[in-house]
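As a plain string of letters, each chain reads:
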Amino acid sequence: MALVEVRNVHKSFQRDSQVIEVFENLTLDIAAGSFTALMGPSGSGKSTFLNLLAGLDRPTSGTITVAGAAVNTMSPSALAKWRARHIGFVFQSYNLLPVLTAAQNVELPLLLAPLSKKERAERVRIALGVVGLEDRMVHYPRQLSGGQEQRVAIARAIVSDPTLTLLDEPTGQLDKKSAQEVLTLLQRLNDEFHKTIIVVTHDAHAAEKAKQVLHLDKGVLAA
Amino acid sequence: MKIPLVYNLRSIAHRPVSTAMTALGLALVVAVFVAMLALAGGFRATLARTGSPDNVVVLRRGATSEMESGVPRESARLIAADPRIASGADARPLVSPEVFVVINIPRAVGEGVNNVVARGVNDEAFAVRNIHLVAGRKFASGRSEIILGKKIVPRFAHTAIGDTLRFANRDWIVVGHFAAAGSALESEIWGENEQFMPVFRGEVFQSVIFRLRDPAAFDEVKRALEGDQRLQVQAQRESAFYAGQSTVLTRILTFLAIMITSVMAVGAVFGAVNTMYAAVSSRTPEIAVLLTLGFAPRSVLASFLSESVAIALLGGVAGGLLALPINGIVTSTTNWNSFSEVAFAFRVTPGLLVGGVIFAVVMGLVGGFFPAWRAARLQVVQALR
């Protein structure tokens, strides 16, 4: 059984009087432990797909099952709990909370888990160690480079050991060197820690690191 | 689990100007709130301090104040003979038949006159009322001499010892100043009742004040006095009598405090609303991140409410500190029962300061609710775009 099962998903938006069709009849399986890159031109629905998987948005019709849970039928409060346990999300623009240190940013998802302060501190230390920023724990986002910020965001996404890690254009705002560091990190997370990763990207170089590349164009998927 | 408070506190510190302006708005409301209630509290405390639960005030039946009371000399004599009245060191009953009249005397500063109470008392009044002289001596019996409450002295002209005050077509020599534990009596002029009686209201006292031998016997004494058909009087504990005198003005001041600060509070709450809406608006991506991480909308609501309350707490404490210096400042107002001036001090109590902070917190909760509600209902997908 696949970790992610997308069945006959249809998604449309209403903009004024116009209905915009994003997907029609999208069907897809993603296996546990895979590293999938989803590519496609702007407006092809890549980010919408990621939002649907994370339960941040709902399909117009069809079903999305992640780790056996039907994401599209959950209540908002159940979704919040489910997301805390199963989803790690990385944004293009890092979206770290600027008033919290790197360690405090990474600790945020752990506040939703039944862990002691000591356990949380240990996990934060490990996560920041994995992304190579153990020595930046007390630094604020403004004191970090873009690449470092994104690595902190990745640490935040993996710290609670989620079932699925979703990344929306993680290298989109990074220079080449920083982007390479992030991509190497993702590869390592998949290879060494067997994390299931889905990354949305424009960058063909980034997609090369993935084990599976899917192309989304006008709502249609192609391998 | 809640969103850590440090997030809100640092966010507040991150925008010091808008935080300070909002807190200042709330602080001014709290300062006015505390000041006005300190005024009411000071007046009430001064009158409450005037009356002792061990003393009994006897007035003509149906009279609501000493102004409209009249107790004939014979009635006063009968009351003084009651065996339940305590005795002084000289074994004489601690009872004072008193003349009460309102006169006007010139103010120390500026033109014009003000009403003050002139009270004719006997020697026992000093023990009954716990009066002690702070300067000069007592008035001598049979002479046109007066002593003045210490709060009158700086506020009116010709109040130094040796000065002469003219009222009731006679000149009265000031021979002493007295204190009465900060009570309203310190705003009175005292002279011998036998001197005041003929020049003011004829052969009648306005009240009889006495000290109970056993304070628990009040009900029994009251029944006896009010049941005696010869007397036609009513008896009240002195503490209840003066507390009753403060009721009307205290209520008016409290009502004004609530009215004025309510109007001001509306403005301050709008300030808080504005600040918090701006905070929510500028931190939309952060809120979206929190919701994406799995924090429930109610956690976001609580987080932004706590931020608003933290600003309000800051304002509340600052407002209390702003109001604190008025504590003890002496002012005066008219006692609406006697239409005479009563000097009293603003009374900023710990309870009042706590009340001010609670008021600020309520303003913070009201002002923060709708912005926090908006934050909690944020659509993550839209917010992330």
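Remember, it's a predicted structure, so these values are computed and weren't measured experimentally. (Residues numbered from 1 in each chain as written. Chains lettered and ligands numbered in written order. Predicted model: local features only at pLDDT ≥ 70, side-chain atom pairs only at ≥ 80, totals over all residues. Heavy atoms only, no water.)

Colleague: I'm lost on the sheet that holds strand E5 (residues 69-70) of chain A in this one. Help?
Modeller: In any sheet, the strands associate via hydrogen bonds between backbone groups, in a parallel or an antiparallel arrangement. All names here are of chain A. Taken in spatial order, the four strands make up an open sheet running E2-E1-E4-E5, and their pairing is antiparallel. The outermost strands of the open sheet, each flanked by one partner alone, are strand E2 (18-30) and E5. Against the sheet, helix H1 (residues 46-53) contacts strand E1 (4-15), E2 and strand E4 (61-66), and its axis sits at roughly 120° relative to E1. (Pairing = 2+ DSSP bridges. Helix = DSSP H or I, 4+ residues; strand = E, 2+ residues; numbered from the N terminus. Contact = heavy atoms within 4.5 Å. Axes fitted to C-alpha atoms, helices over the stretch in contact; angles between N-to-C directions.)

Colleague: Looking at this model, I keep getting lost on the domain arrangement of chain B. Mind explaining?
Modeller: Interfaces are often sized by the amount of accessible area the parts lose when they come together. All names here are of chain B. If you check the domain split of chain B, you get domain 1 (5-48 + 247-384) and domain 2 (55-211). On a C-alpha basis, the centres of domain 1 and domain 2 stand 46 Å from each other. Contacts between domain 1 and domain 2 engage twelve residues on the former and 16 residues on the latter. Counting every contact that joins domain 1 to domain 2 gives zero residue pairs in polar contact (both at pLDDT 80 or more). At the level of secondary structure, the elements contributing two or more residues to the side of domain 1 that touches domain 2 comprise helix H2 (16-50), strand E13 (330-335) and strand E14 (340-345). The element contributing the most residues to the side of domain 1 that touches domain 2 is E14, with four residues. (Domains from an automatic or database assignment. Polar contact = N/O pair within 3.5 Å; in protein donor to acceptor, adjacent residues only side chain to side chain.)

Colleague: Would you take a moment to explain the pattern of salt bridges for this structure?
Modeller: When the charged atoms of two side chains with opposite charge come close together, those side chains can pair. Residues and elements named next belong to chain B. Summed over the entire model, instances satisfying the criterion amount to 30 salt bridges over all chains. The salt bridge partner of Arg 119 is Glu 66, with a shortest N-O separation of 2.7 Å. Note that Arg 119 is positioned in strand E4 (residues 113-121) and Glu 66 in the loop between strand E1 (55-60) and strand E2 (71-72), a separation of 53 residues in sequence. A salt bridge links Arg 84 to Glu 220, with the shortest nitrogen-to-oxygen separation between them at 2.9 Å. In this pair, Arg 84 is assigned in the loop between helix H3 (73-80) and strand E3 (95-106) and Glu 220 in helix H6 (residues 218-227), connecting sequence segments 136 residues apart. Taking relative accessible area as the criterion, Glu 220 reaches 41% and is therefore assigned partly exposed. (Salt bridge = Lys/Arg side-chain N within 4 Å of Asp/Glu carboxyl O. Buried < 20%, exposed > 50% of the residue type's maximum accessible area, 1.4 Å probe, protein only.)

Colleague: Could you clarify how one ought to interpret the interface of chain B and chain A in this entry?
Modeller: Each partner contributes to the interface: chain B provides 22 residues, whereas chain A provides 23 residues. Both faces combined, the contact of chain B with chain A buries some 2100 Å², and carbon together with sulfur accounts for 72% of it. Connecting chain B to chain A are zero salt bridges. In this assembly, chain B and chain A are joined by five residue pairs in polar contact (both at pLDDT 80 or more). Considering each element in turn, the side of chain B that touches chain A owes the most residues, seven residues, to helix H8 (residues 284-293) of chain B. (Buried area = accessible area lost by both parts, 1.4 Å probe.)

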